[in-house]
Amino acid sequence: MTKMSVNAVEMLEYNSDTETYRIAYDASTVSPSLAVVAALESLGDEFDHEVPLYDAIDPDALDGLLAPSAPDHRSVKFSYLGFRITVSSQGFLEVRSSDTEEREGASR
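A brief report on the enclosed structure follows. (Residues numbered from 1 in each chain as written. Predicted model: local features only at pLDDT ≥ 70, side-chain atom pairs only at ≥ 80, totals over all residues. Heavy atoms only, no water.)

### Structural notes on the overall build of the chain
Here is step 1: Summing up its helical and strand segments, the chain has three helices and five strands in all.
Here is step 2: When the helices and strands of the chain are listed from N to C terminus, the series reads β-β-α-α-β-β-β-α.
Here is step 3: Evaluated residue by residue, the chain yields a buried proportion of 37% over its 108 residues.
Here is step 4: Residue pairs in contact within the chain that sit at least 24 positions apart in sequence constitute 48% of those at least 6 positions apart.
Here is step 5: When the accessible area of the chain is evaluated, it comes to approximately 6400 Å², of which 48% is carbon and sulfur surface. (Helix = DSSP H or I, 4+ residues; strand = E, 2+ residues; numbered from the N terminus. Buried < 20%, exposed > 50% of the residue type's maximum accessible area, 1.4 Å probe, protein only. Contact = heavy atoms within 4.5 Å. Areas by Shrake-Rupley, 256 points an atom, 1.4 Å probe, with all protein chains shown as cover.)

### Points about the sheet that holds strand S1 (residues 9–15)
Here is step 1: Strand order in the open sheet made by the five strands is S1-S2-S5-S4-S3, with antiparallel pairing throughout. Both outer strands of the open sheet, S1 and strand S3 (75–80), are each paired with one neighbouring strand and no more. Averaged over all adjacent pairs, the angle separating strand axes in this sheet is 20°, with direction ignored.
Here is step 2: For S1 and strand S2 (residues 20–25), the ladder comprises six bridges, and the chain directions are antiparallel. Bridge pairing in S2 places Leu-12 opposite Ile-23. (Pairing = 2+ DSSP bridges. Axes fitted to C-alpha atoms, helices over the stretch in contact; angles between N-to-C directions.)

### Remarks on helix H1 (residues 32–42)
Here is step 1: With respect to burial, H1 is a largely interior element, nine of its eleven residues being buried.
Here is step 2: Listing the buried residues of H1 in full gives Pro-32, Ser-33, Ala-35, Val-36, Val-37, Ala-38, Ala-39, Leu-40 and Glu-41.
Here is step 3: Next to the buried residues of H1 lie S1, S2, helix H2 (59–65), S3, strand S4 (83–88) and strand S5 (92–97).
Here is step 4: Once H1 ends, the next one or two residues include Gly-44, with phi positive near 110°.

### Comments concerning the environment of Asn-15
Here is step 1: Looking at the element boundaries, Asn-15 is found in strand S1.
Here is step 2: Here the alpha-carbon distance between Asn-15 and Arg-96, two residues 81 residues apart in the chain, equals 9.9 Å.
Here is step 3: A distance of 3.2 Å separates the side chain of Asn-15 from the backbone nitrogen of Thr-18, its partner in a polar contact. (Polar contact = N/O pair within 3.5 Å; in protein donor to acceptor, adjacent residues only side chain to side chain.)

### Notes on the nonpolar core
Here is step 1: With 25 residues, the main nonpolar core has Val-36, Leu-40, Phe-78, Ile-85, Val-87, Leu-93 and Val-95 as its most contacted residues.
Here is step 2: Mapped onto this core, the elements with two or more residues apiece are S2, H1, S3, S4 and S5.
Here is step 3: A per-element tally of this core places H1 first, with six residues.
Here is step 4: The residues touching Ile-85, leaving out its near neighbours within four places in the chain, are Val-36, Leu-40, Val-76, Lys-77, Phe-78, Tyr-80, Glu-94 and Val-95. (Core = buried A, V, L, I, M, F, W, Y, C linked by side-chain atoms within 4.5 Å.)

Right, dumping it as C-alpha coordinates:
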(Lines give C-alpha, C1' and ligand atoms only; values in the text may rest on other atoms or scores of the structure.)
Protein backbone atom coordinates (compact mmCIF):
# COMPACT_ATOMS: atom_id res chain seq x y z
CA MET A 1 0.00 0.00 0.00
CA THR A 2 1.33 3.40 -0.86
CA LYS A 3 1.59 6.40 1.41
CA MET A 4 -1.21 7.91 -0.65
CA SER A 5 -3.71 5.66 1.11
CA VAL A 6 -3.04 7.41 4.43
CA ASN A 7 -4.58 10.50 2.82
CA ALA A 8 -7.85 8.56 2.78
CA VAL A 9 -8.16 9.25 6.52
CA GLU A 10 -9.76 12.64 7.15
CA MET A 11 -9.90 12.69 10.93
CA LEU A 12 -8.37 10.63 13.69
CA GLU A 13 -9.55 10.84 17.30
CA TYR A 14 -8.58 8.75 20.30
CA ASN A 15 -10.82 8.09 23.31
CA SER A 16 -8.58 7.06 26.20
CA ASP A 17 -11.56 5.91 28.32
CA THR A 18 -12.54 3.24 25.79
CA GLU A 19 -9.09 2.93 24.17
CA THR A 20 -10.76 3.40 20.80
CA TYR A 21 -9.62 5.26 17.70
CA ARG A 22 -12.42 6.85 15.70
CA ILE A 23 -11.49 7.57 12.12
CA ALA A 24 -13.46 9.47 9.48
CA TYR A 25 -13.13 8.93 5.75
CA ASP A 26 -15.03 10.21 2.74
CA ALA A 27 -17.33 7.29 1.95
CA SER A 28 -18.24 8.82 -1.42
CA THR A 29 -14.63 8.64 -2.71
CA VAL A 30 -12.80 6.10 -0.52
CA SER A 31 -13.73 2.44 -0.34
CA PRO A 32 -14.21 0.99 3.16
CA SER A 33 -11.43 -1.56 2.60
CA LEU A 34 -8.96 1.18 1.67
CA ALA A 35 -10.11 3.24 4.67
CA VAL A 36 -9.33 0.31 7.00
CA VAL A 37 -5.81 -0.11 5.64
CA ALA A 38 -5.19 3.66 5.64
CA ALA A 39 -6.46 3.97 9.22
CA LEU A 40 -4.19 1.19 10.44
CA GLU A 41 -1.24 2.72 8.58
CA SER A 42 -1.94 6.03 10.30
CA LEU A 43 -1.75 4.33 13.71
CA GLY A 44 1.93 3.60 13.18
CA ASP A 45 4.29 0.70 13.52
CA GLU A 46 1.70 -1.79 14.79
CA PHE A 47 0.38 -2.34 11.26
CA ASP A 48 1.86 -5.46 9.64
CA HIS A 49 1.82 -5.10 5.85
CA GLU A 50 2.70 -8.79 5.48
CA VAL A 51 -0.82 -9.87 6.49
CA PRO A 52 -3.28 -8.86 3.76
CA LEU A 53 -6.73 -7.60 4.66
CA TYR A 54 -8.33 -10.50 2.81
CA ASP A 55 -6.93 -12.85 5.46
CA ALA A 56 -9.54 -11.33 7.79
CA ILE A 57 -12.36 -10.26 5.48
CA ASP A 58 -13.12 -10.17 1.76
CA PRO A 59 -12.38 -6.54 0.76
CA ASP A 60 -14.78 -6.67 -2.21
CA ALA A 61 -17.59 -7.95 0.01
CA LEU A 62 -16.85 -5.27 2.62
CA ASP A 63 -16.94 -2.56 -0.06
CA GLY A 64 -20.17 -3.98 -1.51
CA LEU A 65 -21.96 -4.19 1.84
CA LEU A 66 -21.01 -0.66 2.80
CA ALA A 67 -21.45 0.99 -0.61
CA PRO A 68 -22.57 4.62 -0.31
CA SER A 69 -25.55 3.83 -2.55
CA ALA A 70 -27.06 1.57 0.14
CA PRO A 71 -30.30 3.18 1.40
CA ASP A 72 -29.74 2.34 5.06
CA HIS A 73 -26.97 2.71 7.61
CA ARG A 74 -24.85 -0.43 7.85
CA SER A 75 -21.78 -1.48 9.75
CA VAL A 76 -19.46 -4.48 9.74
CA LYS A 77 -17.32 -5.70 12.63
CA PHE A 78 -14.30 -7.94 12.26
CA SER A 79 -10.93 -8.72 13.82
CA TYR A 80 -7.66 -8.03 12.03
CA LEU A 81 -4.07 -7.94 13.29
CA GLY A 82 -5.08 -7.89 16.94
CA PHE A 83 -7.63 -5.11 16.43
CA ARG A 84 -11.42 -5.14 16.59
CA ILE A 85 -12.62 -2.97 13.72
CA THR A 86 -16.08 -1.57 13.07
CA VAL A 87 -16.63 0.03 9.67
CA SER A 88 -19.72 2.12 8.96
CA SER A 89 -21.36 2.99 5.65
CA GLN A 90 -21.54 6.55 7.02
CA GLY A 91 -17.78 7.10 6.58
CA PHE A 92 -16.55 6.24 10.07
CA LEU A 93 -14.60 3.39 11.50
CA GLU A 94 -13.52 2.47 15.00
CA VAL A 95 -10.39 0.59 15.86
CA ARG A 96 -9.61 -0.86 19.25
CA SER A 97 -7.27 -3.51 20.52
CA SER A 98 -8.81 -6.96 20.76
CA ASP A 99 -7.30 -7.10 24.26
CA THR A 100 -9.40 -4.08 25.30
CA GLU A 101 -12.58 -5.72 24.07
CA GLU A 102 -11.75 -8.97 25.89
CA ARG A 103 -11.10 -7.09 29.16
CA GLU A 104 -14.42 -5.26 28.87
CA GLY A 105 -16.28 -8.48 28.10
CA ALA A 106 -14.79 -10.19 31.16
CA SER A 107 -15.81 -7.31 33.44
CA ARG A 108 -19.50 -7.40 32.41
